[in-house]
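As a plain string of letters, each chain reads:
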Amino acid sequence: MALLSLKEIRQSFGGPTLLDGIDLRIEPGERIGLIGRNGSGKSTLMKIIRGDLVPDAGEISRQQGLTITALGQEVPSTLTGSVGDFLRQAAVSAGASVQWEIEELVEKQTSSLRLHPQDVAQSLSAGSKRRLLLAAALIVTPDVLLLDEPTNHLDINAIGRLEEQLLRYRGSVLFVTHDRHFLSHLATRIVDLDRGELRSYSCDYATYLTRKESALEAERSERAQFDKKLAKEESWIRRGVQGRRARNMGRVRALEEMREQRSERRERTDKVKARVHDGVASGRLVVKAEGIKKGYGGVQVISDFGTTIMRGDRVGLIGPNGAGKTTLIKILLGELQPDEGTVRLGTNLQIAHFDQLHGELDPQLSVMENVGEGSDMITVNGESRHVIGYLGDFLFTPEQVRSSIAKLSGGEKNRLQLARILARPCNMLVLDEPTNDLDMETLEILEDLLFKFDGTILLVSHDRAFLNNVVTSTIVFDDHGTIKEFDGGYDDWLRQTQASGSQPKSDGSRKKKDKPKKERARRLTFKEKAELNELPEKIESLEKRKESLLERMASPEFYRQEGDVISQANKDLEFLSSELEQAVDRWAELEEIEDQTN
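To keep things clear, this report deals only with the structure shown in the data block. (Residues numbered from 1 in each chain as written. Predicted model: local features only at pLDDT ≥ 70, side-chain atom pairs only at ≥ 80, totals over all residues. Heavy atoms only, no water.)

1. Description of the overall build of the protein
Summing up its helical and strand segments, the protein has 18 helices and 20 strands in all. Across the 598 residues of the protein, 47% fall into the buried class. Of the roughly 30400 Å² that the protein leaves accessible, carbon and sulfur atoms contribute 47%. (Helix = DSSP H or I, 4+ residues; strand = E, 2+ residues; numbered from the N terminus. Buried < 20%, exposed > 50% of the residue type's maximum accessible area, 1.4 Å probe, protein only. Areas by Shrake-Rupley, 256 points an atom, 1.4 Å probe, with all protein chains shown as cover.)

Encoded structure:
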């Protein structure tokens, strides 16, 4: 029996209908991933489920005594008292009354989410405040837990622990996330909110993507046939209805119905149309750092670190919040002097920053003024464009363009910051958590944009899938202040640390494996099953990248470039070939294990 049922729910706020007669059932023990573009109505649906918003129409049925707890997307600006007191109050509000029980609940949550009861709640970082709010939501297990972007502001370590906790959670979970890795590991069902309609997919994320594309293709085909028939009928009506005979009047009425159907159709909104405004090529050497040391207040943040970054490198930085990632970036860019060591910057650097706190945006200016800087026209890739038209490529309406940025959501501010950065020539992108609050479709477009970028990238991110798809090397900060550099992305780092016999500390979701019993066949772990599902897509991506590179290298013009460019292309080809071979071997290995246990 369903814990909660929604039937024919409708909700509108004056614009396009957000929820257009949707149905949803939440069953016991389900973990439902809610997917949809920014502004599609996901948060509105969560508010209706929680009871904070009464819908315009529809029925809501809840089991008697049903408890629902929610973790919102925004972190409150004011949190009072200590961490322990905050959680004790949450426990009492949730119905706990016995002191020993309250203390036991507080101890369980602070231990699980790495919180210190004596810390002052107001002084916590954004990530720690997020963990505190999550602990408060979980302190007495509700029947239904609603999570809106739960991984925002959390580092990879914390995200891994959250995954573990939710996998053990006995209640039902409905969550919104842009983190594809998180979604792939947790969701037992996916519901897709698209143009006011809600569709359910009882499958994992990888399968959902295939089914969703098939559904969109079927919709495109059906609509094309409808439009063709409508055009034929419109042509007929223009030729006149002979004598308005009864048999033709039926055709006229059918045409009127078709016109009404066409007017009510909701088209999918455009995708972001972004391009990097490539600047002049930088020198071959971008940054060379040796023996870097930096500390604050007697605490060593960076100790004896060195690296060499060449033109075209895509470097990811991974580590706990507060480990020193931003400090290292500032040192590498010459914005901060190290206590010891040397940093040499290359020539012709044109650096563009993406700041997760949106520090590059002026809150006193409108959306248009933040990009145009006093002018109605901007030049992008040699083409003069009106600012309103350019911002339209990033899905901003003319009304939004003229309004204050204070009215924008977090995802919209991220899109605006991208628009501002990409309007100017650059050969080095420094991106600090660019994926927060972006929907998955925009994320994939950003990935494709970065893949086509010829310059150098420094990327701070806790999004594991994004790191895998973008970076070619990774600088990892561990819990003990040690910094090491690895080839490849997040998964490559995990493989290298496992091969060396050490368990990485930056992913709490990965546990040391027990030896299988001799009498039992080897079975895939949950992680390996997820990896097996993801490998075909990764192999296809590597094949496409390799094919594209080979196509470039086959051109006669390719060998008229500088020797450094040709040499780098050969290295890239060697790297892609090696990665492809490893991915295929891994896929075959996991497939064999899967076949043996079926």
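2. Focus: the pattern of salt bridges
Under the defined criterion, the tally for this structure stands at 24 salt bridges. Here Glu27 and Arg25 are joined by a salt bridge, their closest N and O atoms 3.1 Å apart. Arg586 serves as the salt-bridge partner of Glu531, at 3.0 Å between the closest nitrogen and oxygen. Of this pair, Glu531 sits in helix H17 (residues 526-553) while Arg586 is found in helix H18 (residues 563-597), placing the two residues 55 residues apart along the sequence. Members of the salt-bridge network, linked through shared partners, are Asp192, Asp194, Arg195, Lys212, Glu219 and Arg223. (Salt bridge = Lys/Arg side-chain N within 4 Å of Asp/Glu carboxyl O.)

3. Some remarks on the sheet that holds strand S11 (residues 299-310)
Overall, antiparallel pairing links the 3 strands, which are arranged S11-S10-S13 in an open sheet. The sheet is open, and its two edges are formed by S11 and strand S13 (340-345), each paired on a single side. Between one strand axis and the next, the sheet turns through 15 degrees on average, direction left out of account. Taken together, the 8 bridges between strand S10 (residues 285-296) and S11 define a ladder with antiparallel strand orientation. The partner of Ala289 across the bridge, within S11, is Thr307. (Pairing = 2+ DSSP bridges. Axes fitted to C-alpha atoms, helices over the stretch in contact; angles between N-to-C directions.)

4. Description of a negative patch on the surface
On the surface, Glu256, Glu257, Glu260 and Glu264 cluster together to form a negatively charged patch. With respect to the helices and strands, Glu257 occurs in helix H8 (residues 246-264). (Patch = residues over 30% accessible without salt bridge, like charges linked within 9 Å, V, L, I, M, F, W, Y side chains within 5 Å. Lys, Arg positive; Asp, Glu negative; His and termini not counted. Charge placed at Lys NZ, Arg CZ, Asp CG, Glu CD.)

5. Section: the pairing of strand S12 (residues 314-318)
Of all 5 residues making up S12, 5 are buried, and the element is well covered by its neighbours. Alternating positions in S12 separate into two faces, Arg314, Gly316 and Ile318 on one and Val315 and Leu317 on the other, with burial throughout. The pairing of S12 with strand S18 (residues 456-460) spans 4 bridges and is classified as parallel. Looking at the pairing, Arg314 lines up with Ile457 of S18. As judged from the 4 bridges shared by S12 and strand S19 (residues 473-477), these two strands associate in the parallel manner. Across the sheet, the residue bridging to Val315 is Ser473, located in S19.

6. Things to note about the packing of helix H2 (residues 83-93) against helix H3 (residues 99-112)
Relative to each other, H2 and H3 sit at 125 degrees, their axes nearing to 9 Å. Between H2 and H3, the crossing angle belongs to the class labelled oblique. Between H2 and H3 lies a crossing of right-handed hand. From H2, Val83, Gly84, Leu87, Arg88, Ala91 and Val92 reach across to H3, where they touch Ile102, Glu103, Leu105, Val106 and Thr110. (Parallel < 35°, antiparallel > 145°, perpendicular 65-115°, else oblique. Left-handed = near helix turned anticlockwise from the far one by under 90°. Contact = heavy atoms within 4.5 Å.)

7. Quick notes on the side chain of Gln109
Note on placement: Gln109 falls in helix H3. Judged by its relative accessible area of 3%, Gln109 is buried. The residues contacting Gln109, other than those within four sequence positions of it, are Ala135, Leu138, Ile139 and Gln165.

8. Some points on the packing of aromatic side chains
Overall, the coordinates contain 5 aromatic pairs when judged by the stated rule. Aromatic side chains Phe175 and Phe182 sit 5.7 Å apart centroid to centroid with 85 degrees between the ring planes, which places their arrangement in the edge-to-face category. A relative accessible area of 0% means that Phe182 is categorised as buried. Every member of this aromatic cluster is reached through a ring pair, and the members are Tyr201, Tyr205 and Tyr208. (Phe/Tyr/Trp six-rings, centres within 6.5 Å; stacked < 30°, edge-to-face > 60°.)

9. Remarks on the packing of H2 against helix H4 (residues 126-138)
Between two packed helices, what matters for the description is the angle formed by their axes and the separation of those axes. At a minimum axis distance of 8 Å, the contact between H2 and H4 shows a crossing angle of 30 degrees. Comparing their axes, H4 and H2 come out roughly parallel. The way H2 lies across H4 gives a crossing that is right-handed. Taking contact as the criterion, the partners of Val83, Phe86, Leu87 and Ala90 in H2 are, on H4, Leu132, Leu133, Ala135 and Ala136. Residues of the contact of H2 with H4, tallied by class, amount to 8 nonpolar, no polar and no charged. (Nonpolar A, V, L, I, M, F, W, Y, C, P; charged D, E, K, R; others polar.)

10. Points about H2
Those residues of H2 not exposed but buried are Val83, Gly84, Phe86, Leu87, Ala90 and Ala91. Buried residues of H2, viewed axially, fall in a sector of 160 degrees; they line one side. Every exposed residue of H2 that faces more than 90 degrees away from the buried side is listed here: Gln89 and Ser93. Structurally, H2 contributes buried residues whose contacts are with H3 and H4. Of the residues flanking the end of H2, it is Gly95, one or two places downstream, whose phi is positive at about 115 degrees. (Arc of directions from axis to C-beta.)

11. With respect to the sheet that holds strand S17 (residues 428-432)
Reading across the sheet, the 6 strands line up as S14-S17-S18-S12-S19-S20 and stay open at both edges, with mixed pairing between neighbours. The open sheet terminates on both sides in strands that have one partner only, identified here as strand S14 (351-354) and strand S20 (483-487). Along the sheet, successive strands turn relative to each other by an average axial angle of 15 degrees, direction set aside. As judged from the 5 bridges shared by S17 and S18, these two strands associate in the parallel manner. Following the sheet pairing, Leu431 is matched in S18 by Leu459.

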